[in-house]
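What follows is the residue order along each chain.
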Amino acid sequence: AVIHEAEQIRQRYRKLAPQDALEEEKDYKTLVHTIEPTRLAAIFKTKFSADGMCKVGPAGLKEEQARAYFEVYGPNQITPCEKENKWKKLARMTFCGIFNLLLWACVAAMGG
């Protein structure tokens, strides 16, 4: 299921890449650091400012591009991981693991 989901995400990324992008440029997640900034800007239909810091002049996505990315990928936020119940964590830390089992075996042997 995870592999299928990852493939669906990869296909969505490929759809957003321009048609003239090379095959290895479409899979930008692994090669983005090897592509020249001007080519990268063309692939993602955006601009990088001259200073590289986006502090001067127009840079980034246009409103319609940002909206299209939002519709494909959803909001730009990190989903926090699910927290484990503290009582389950305490039980797991106390009773699970080979070292803990050996300690409990020693306690049981000494007590009996």
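Attention here is on the structure that accompanies the text.

How each quantity is defined
Residues numbered from 1 in each chain as written. Predicted model: local features only at pLDDT ≥ 70, side-chain atom pairs only at ≥ 80, totals over all residues. Heavy atoms only, no water. Helix = DSSP H or I, 4+ residues; strand = E, 2+ residues; numbered from the N terminus. Buried < 20%, exposed > 50% of the residue type's maximum accessible area, 1.4 Å probe, protein only. Areas by Shrake-Rupley, 256 points an atom, 1.4 Å probe, with all protein chains shown as cover. Salt bridge = Lys/Arg side-chain N within 4 Å of Asp/Glu carboxyl O. Polar contact = N/O pair within 3.5 Å; in protein donor to acceptor, adjacent residues only side chain to side chain. Contact = heavy atoms within 4.5 Å. Axes fitted to C-alpha atoms, helices over the stretch in contact; angles between N-to-C directions. Parallel < 35°, antiparallel > 145°, perpendicular 65-115°, else oblique. Nonpolar A, V, L, I, M, F, W, Y, C, P; charged D, E, K, R; others polar.

When helices and strands are tallied, the protein shows seven helices and zero strands. Secondary structure elements of the protein, listed N to C terminal, follow the sequence α-α-α-α-α-α-α. Expressed as a percentage of its 112 residues, the buried residues of the protein come to 13%. Taken as a whole, the protein presents about 9,700 Å² of accessible surface, with 63% of it coming from carbon and sulfur.

Applying the stated rule across the entire model yields two salt bridges. With its nearest N and O atoms 3.9 Å apart, the salt bridge here joins Glu 63 to Arg 67. Here Arg 67 and Glu 63 lie together in helix α5 (residues 63–73), a separation of four residues that amounts to about one turn. On the basis of relative accessible area, Glu 63 is assigned to the exposed category, the value being 60%.

What follows is about helix α6 (residues 86–95). Its side-chain oxygen at 2.7 Å from the backbone nitrogen of Trp 87, Asn 85 defines the N-terminal cap of α6. Note on α6: the residue one or two positions beyond its end, Gly 97, has a positive phi of about 100 degrees.

Attention now moves to the side chain of Gln 65. Looking at the element boundaries, Gln 65 is found in helix α5. Side-chain polar atoms of Gln 65 contact the backbone nitrogen of Lys 62, separated by 2.8 Å. Setting aside residues up to four positions removed in sequence, Gln 65 forms contacts with Phe 44, Lys 45 and Thr 46.

Looking now at the packing of α6 against helix α7 (residues 98–111). Following both chains from N to C, one finds α6 and α7 inclined at 70 degrees, their axes separated by 7 Å at the closest point. Our classification of the angle between α6 and α7 gives roughly perpendicular. Along its contact with α6, which presents Met 93, Thr 94 and Phe 95, the element α7 presents Asn 100, Leu 101 and Trp 104. Of the residues belonging to the contact of α6 with α7, the class tally is four nonpolar, two polar and no charged.

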